[in-house]
Amino acid sequence: MPADRSADTGAMTALPLFPLRSVLFPGGLLGLKVFEARYLDLIGNCLRQQRPFGVVALRQGGEVRADASEAVVLESAGTLAELMDVDSTQPGILQVRCRGTQRFAIGRSWQAADGLWMAEAQRLPADPTLPPEPDVQACARALGEAIEALKGQGAEPFLVPHMLDDASWVANRWCEILPIAAAAKQQLMMLNDPMARLRLVDRFLREQGVIG
């Protein structure tokens, strides 16, 4: 199930998709429990070919379709997922850890014979590496404090290194853990300006009294 690539255009044809009711951000950690045959095949193919797959949020419908008549609507953009660890603790079930890498826009999507979603996709430019500007430095400090608090509870939801001096990384990690709707996270992920993304996060944190 190869994803054909063009270095000039960033075009990807026949990109296999894994639809979820959540949003994967670049640099994010994604854990999956895989048991459906189409996704077991997807993971196996990506392992053999050392290729990523696309994670895209569901605008409508579920991850597992109980009703064949249920409409499934995908968001128009997602994030490539790179396999990190694949483990099988039970027959027919894979525990998978992935890293979000690059955003992509979906042109045309369709379902293969086995029900796997596929897409023609275009890679989107990576965020530039920029330090948080002075007015949003509090966001970075608060994230560092949140990371330490989570560690104290035995939770480490973020991959290392922790790049608190990168506005995009700070904004993306906040977006992953904030209690906001998936649709809002999707809009934040699709913003091309990481500083604008961080400023929206900053506003939310101030409204919630997380930072002063």
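Treat the numbers as computed from the prediction; the structure is a model and nothing was measured.

What counts as what
Residues numbered from 1 in each chain as written. Predicted model: local features only at pLDDT ≥ 70, side-chain atom pairs only at ≥ 80, totals over all residues. Heavy atoms only, no water. Helix = DSSP H or I, 4+ residues; strand = E, 2+ residues; numbered from the N terminus. Rg over C-alpha atoms; globule rule 2.2 N^0.38 Å. Buried < 20%, exposed > 50% of the residue type's maximum accessible area, 1.4 Å probe, protein only. Contact = heavy atoms within 4.5 Å. Areas by Shrake-Rupley, 256 points an atom, 1.4 Å probe, with all protein chains shown as cover. Lys, Arg positive; Asp, Glu negative; His and termini not counted. Charge placed at Lys NZ, Arg CZ, Asp CG, Glu CD. 1 Å grid on protein atoms, 1.4 Å probe; cavity = no way out; pocket = protein on both sides within 12 Å on 5 of 7 lines; lining within 4 Å. Points joined across faces, edges and corners; volume = space filled by probe spheres on them. Nonpolar A, V, L, I, M, F, W, Y, C, P; charged D, E, K, R; others polar.

Participant: Just to check I follow, could you spell out the overall build of the protein chain for this structure?
Facilitator: Helices and strands together make up the secondary structure of the protein chain, namely five helices and seven strands. The order of helices and strands in the protein chain, counted from the N terminus, is β-β-β-α-β-β-β-β-α-α-α-α. Computed over C-alpha atoms, the radius of gyration of the protein chain comes to 18 Å, within 12% of the 17 Å expected from 2.2 N^0.38 for 212 residues, which places it in the range of a compact globule. Counting every position in the protein chain, which comprises 212 residues, the buried fraction comes to 44%. In the protein chain, the share of contacts with a sequence separation of at least 24, taken over all contacts with a separation of at least 6, comes to 65%. A total accessible area of about 10,700 Å² is found for the protein chain, and carbon and sulfur atoms account for 53% of it. Positive and negative charge centroids in the protein chain, built from 21 and 25 side chains respectively, lie 1 Å apart.

Participant: How do you make sense of the layout of surface pockets when you look at a structure like this?
Facilitator: To locate leftover empty space, one rolls a probe as large as a water molecule over the atoms. Each pocket or cavity is described by its volume, and for the largest pocket that value is around 350 Å³. Looking at the largest pocket, it is lined by 24 residues, and the ones nearest its centre are Pro26, Gly27, Met163, Ser168 and Trp169. Here the lining of the largest pocket is composed, by residue class, of twelve nonpolar, six polar and six charged. Volume-wise, the second largest pocket comes out at about 180 Å³. Lining the second largest pocket are 13 residues, and of these Val23, Leu24, Leu29, Leu30 and Glu176 lie nearest its centre. Where the lining of the second largest pocket is concerned, the elements lending two or more residues are β3 (29–34) and α3 (167–177). For the lining of the second largest pocket, the class distribution of residues is ten nonpolar, one polar and two charged.

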